[in-house]
Amino acid sequence: MKIGFIGLGNMGAPMAANLANAGHAVTGFDMAEVSVEGVDMAASAAEAARGAEVVITMLPNGDILRRVAGEVIPAMDKGAVLLDCSTVDVASARDVAAQAQAAGLSALDAPVSGGVGGAAGGTLTFMVGGDEAGFNIARELFDIMGQKAVHCGPSGNGQSAKICNNMILGATMIATCEAFALADKLGLDRQAMFDVVSTSSGSSWSMNAYCPAPGIGPKSPADNGYTPGFAADLMLKDLRLSQQAAETVDADTPMGRAACDLYARFVEDEDGAGRDFSAMLPRFEKRGRG
Ligand code: NAD
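Residues numbered from 1 in each chain as written. Predicted model: local features only at pLDDT ≥ 70, side-chain atom pairs only at ≥ 80, totals over all residues. Heavy atoms only, no water.

(A) Here's a closer look at helix H11 (residues 254–268). The first and last C-alpha atoms of H11 sit 21 Å apart over 15 residues, in line with the 21 Å expected at 1.5 Å per residue. Listing the buried residues of H11 in full gives Gly-256, Ala-259, Cys-260, Leu-262, Tyr-263, Ala-264, Phe-266 and Val-267. (Helix = DSSP H or I, 4+ residues; strand = E, 2+ residues; numbered from the N terminus. Expected span 1.5 Å × (residues − 1). Buried < 20%, exposed > 50% of the residue type's maximum accessible area, 1.4 Å probe, protein only.)

(B) The arrangement of the packing of aromatic side chains in detail. Taken as a whole and judged by the stated rule, the model has six aromatic pairs. For the pair Phe-135 and Phe-142, a centre-to-centre distance of 5.8 Å together with 40° between the ring planes defines the contact as tilted. With a relative accessible area of 4%, Phe-135 lands in the buried category. A relative accessible area of 1% places Phe-142 in the buried class. The interplanar angle of 50° and the centroid separation of 5.4 Å between the aromatic rings of Tyr-210 and Phe-277 together place this pair among those described as tilted. Here the residue Tyr-210 occupies a position in the loop between helix H9 (205–208) and helix H10 (232–248), and Phe-277 occupies one in the loop between H11 and helix H12 (280–285), the gap between them amounting to 67 residues. (Phe/Tyr/Trp six-rings, centres within 6.5 Å; stacked < 30°, edge-to-face > 60°.)

(C) Fine view of the site of the ligand. In the vicinity of the ligand there are 23 residues, among which Asn-10, Met-11, Asp-30, Leu-59 and Lys-237 approach most closely. Between Asn-10 and the ligand, the recorded distance is 2.9 Å, taken from a backbone N or O atom to an oxygen atom. A distance of 3.3 Å is found between a nitrogen atom of the ligand and a backbone nitrogen or oxygen belonging to Met-31. Protein burial of the ligand: of its 830 Å² of free accessible surface, 84% is covered by the chains. Broken down by secondary-structure element, the contributors of at least two residues to the shell around the ligand are helix H3 (62–72), helix H5 (115–121) and H10. Residues that form the shell around the ligand fall into these classes: 14 nonpolar, six polar and three charged. (Near = heavy atom within 4 Å. Polar contact = N/O pair within 3.5 Å; in protein donor to acceptor, adjacent residues only side chain to side chain. Areas by Shrake-Rupley, 256 points an atom, 1.4 Å probe, with all protein chains shown as cover. Nonpolar A, V, L, I, M, F, W, Y, C, P; charged D, E, K, R; others polar.)

(D) Local environment of the nonpolar core. Counting residues in hydrophobic clusters, the biggest one holds 34 residues, and the most contacted among them are Tyr-263, Phe-277 and Met-280. Elements supplying a minimum of two residues to this core: helix H7 (157–185), helix H8 (190–197), H10, H11 and H12. Residues within four places of Phe-277 in sequence aside, it is in contact with Leu-169, Met-173, Trp-205, Tyr-210, Phe-230, Ala-231, Ala-232, Met-235 and Tyr-263. Listed in part, the 31 residues of the second largest apolar core include Leu-19, Ala-110, Leu-124 and Val-128. (Core = buried A, V, L, I, M, F, W, Y, C linked by side-chain atoms within 4.5 Å. Contact = heavy atoms within 4.5 Å.)

(E) Region of the structure containing empty space enclosed by the protein. Under the counting rule described, the total for this entry stands at one cavity of 30 Å³ or more. By volume, the largest cavity amounts to about 60 Å³. In terms of lining residues, the largest cavity is bounded by Leu-65, Leu-82, Asp-84, Ala-93, Val-96, Ala-97, Ala-107, Leu-108 and Asp-109. Taken together, the elements giving at least two residues each to the lining of the largest cavity come down to strand S5 (81–84), helix H4 (90–102) and strand S6 (106–109). When the residues that make up the lining of the largest cavity are grouped by side-chain class, the tally is seven nonpolar, no polar and two charged. (1 Å grid on protein atoms, 1.4 Å probe; cavity = no way out; pocket = protein on both sides within 12 Å on 5 of 7 lines; lining within 4 Å. Points joined across faces, edges and corners; volume = space filled by probe spheres on them.)

Following this line, the structure appears as C-alpha cells:
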C-alpha cells in the first residue's frame, strides 16, 4: 500500500518503520528534521499525502491535527483513508472527519494504547471510530502496528473510548498509590498488600500489571526509578481531554476531575513532570493528611 505518515515522533517513527518493514511504500513528513529507516521523507505534509491510499497522522494535539488535516485533505485522492492515531479531543476528531468525508475521503480516529514500547514492538491496541469501509481498508495496517483494533462506532468514538479508559486508569492508579501509602503507615508489608489486593476485589491493571511499588509484582517503571513508561504529563493530557469531553456533554465525573486536579498539581507544582504516572506512590509516601 502507498502510505503517507505525518508526525514521526516517539510513537510515529517506530509505527512508520514497522509499516515500511512489512513492505509498504511509506512517505513521511515531520516539522522536525527526522529520518526513519525505510521511510522516504517529503518536503511537506501535502506532498507526503499525495497519491497515498492511507494517510496516517500521529501528532501532539487537536489544534495541530486540524492544521495538518487542512493541508492534506485537499491533496488526497478521493476514496483514500485519513487515519489519525493521535490522542486529541473528541470535537477535533469529529470536525476533521466531517471535513475529510466532505472531500470524498474515509476518516478514522484511532488513538492507541501501549506507549513507545508497543509502537516499537508492533503491539499497540487501536480504538477506532469511523466508517466500516475505512476500517476494513486500514485493518491490515492495524495488524502490522498493533495486536488489536476495536471498531468502536462512528467518528470520535475511538477518542471517546481512549479518554474513558484513561480516566479509569488515572483514578485507579491514584487509588492504588494512596492505599499503598496508607498500608505502609498501618505497618502492612507491601508484598502482603500486593498478594491480597491483586487477587481480591481491589485488583486492577494498576496493581496487577503495573504495580507502583518497586520490587513487587511484575517489572514496572517503579523498578526503574519511575522513568516512564507512561509519563504523568501524558496522563494529565488525557485526563484533561476527558474533563473537556465531560463538560461538552454535561457528564458528572467527580473521580475523573479529582484525578485530573491531582495530576495537574503533581506535574505542574511538584516533581511529577517527566516521571512515570505511578510515581504518585512516592508522592503519597511523603505526605500526611494536611
Ligand atoms: P512526539 O511529540 O514525540 O511526536 C509528535 C511529532 O509531531 C513530533 O515529531 C513533531 O515534530 C511532529 N509535529 C508537530 N507538529 C507538526 C506539524 N504541523 N506537521 C508535521 N509534524 C508535526 O509525541 P508522541 O509521543 O509520538 O505522541 C504522539 C501522539 O500519540 C500524541 O497525541 C500522544 O498523546 C499519543 N500517545 C502517546 C503515547 C506515548 O507513550 N508517547 C502513548 C499513547 C498515545
